[in-house]
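Breakdown of the fold
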Amino acid sequence: MNTLLSFGHGYSAQALERRLLPRGWRVIGTTRNAEKAADFGARGVEPLIWPGAEVTPALDTATHLLISAAPGEDGDPVLARLRDEIAARAGQFAWVGYLSTTGVYGDHGGDWVDEDAPLTPATTRGQARVEAEAAWRAIPGLPLHIFRLAGIYGPGRGPFSKVRNGTARRIIKDGQVFSRTHVDDIAQVLDASIQRPNPGAVYNVCDDDPAPPQDVIAHAARLLGLPVPEAVPFAEADMSPMARSFYAESKKVRNERIKDELGVELLYPDYRSGLQALLTAEGGA
């Protein structure tokens, strides 16, 4: 039986789960939260509260691994606890996927980057991801695939709620542009890679239309028939350090490799189609 062991079974991994379970896959998902574990079980995922529970039996039966957990102060949390166990089983796995971020590329002044661009992260989070990618790559014989995800949106994660409650802001920084991706497109890229393994491959996962963030907010407001939020200059915006750090990087991310190598046809090639689909699913249009 195909068995996916998913470490840090969160938003993107759950979108993949929705594709695999109907095909008869066994999915084991780790979480730190007992309430989330109960939700997993209700959906047909085998929950594993980890760190805590014994993970060796799950490792022994896994044919595929997905790592979504973000690095912490001690580096990658999975490798920090299980590197030797995973390395000893490297030949057992048909596919291993690591979810990274396009933040590893850092700031490119709004220029295009592809998977071969230099890794020059502008944030400590981006640097931690570069180090985690390297640590996973260093395991001999592991059929590793790295997925560098752009800004993720999808059901429950989009601009509509902030536009509706009046907290959305159109922060303007000259030349700022981001790439983004719908969670269902992440899932189909992962699924396509599982079906066409290419150990060592790196894939950018994003749509075809990098755009200034203020354009996305404005479009969401128009879809809702609400006033477009006022523009706020970046220098004057009251932002958390985390939010401000996102504006330290500006780049457009190329995605040809997922199309050419994996045959992916994006479900939502731009934010306009993605936002419309979210609104339709909510019953709003």
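The coordinates are above.
Residues numbered from 1 in each chain as written. Predicted model: local features only at pLDDT ≥ 70, side-chain atom pairs only at ≥ 80, totals over all residues. Heavy atoms only, no water.

A few words on the pattern of salt bridges. Under the counting rule described, the total for this entry stands at 15 salt bridges. For the salt bridge of R164 with E282, the shortest nitrogen-to-oxygen distance reads 2.9 Å. Taken together, the positions of R164 in helix α6 (residues 160-165) and E282 in the segment after α11 (271-281) put the pair 118 residues apart, joining distant regions of the chain. Residue classification places R164 among the partly exposed residues on the basis of a relative accessible area of 44%. Since its relative accessible area comes to 47%, E282 is described here as partly exposed. Residues joined in a network through salt bridges with shared partners are E115, D116, R257 and E261. (Salt bridge = Lys/Arg side-chain N within 4 Å of Asp/Glu carboxyl O. Helix = DSSP H or I, 4+ residues; strand = E, 2+ residues; numbered from the N terminus. Buried < 20%, exposed > 50% of the residue type's maximum accessible area, 1.4 Å probe, protein only.)

Tallying each qualifying case throughout the model produces 6 aromatic pairs. Ring centres 5.7 Å apart and planes at 20 degrees place the aromatic pair F147 and Y203 in the stacked group. Of the two residues, F147 sits in strand β7 (residues 144-149) while Y203 sits in strand β11 (residues 202-205), which places them 56 residues apart along the sequence. By the burial criterion, F147 is buried, and Y203 matches it. Chaining the aromatic ring pairs together yields one cluster made of W95, F147 and Y203. The ring centre of F246 lies 4.8 Å from the NZ or CZ of R125, which sits over that ring. Positioned over the ring face of Y11 is R157, at 4.1 Å from the centre of the ring. (Phe/Tyr/Trp six-rings, centres within 6.5 Å; stacked < 30°, edge-to-face > 60°. Lys NZ or Arg CZ within 6 Å of the ring centre and 35° of its normal.)

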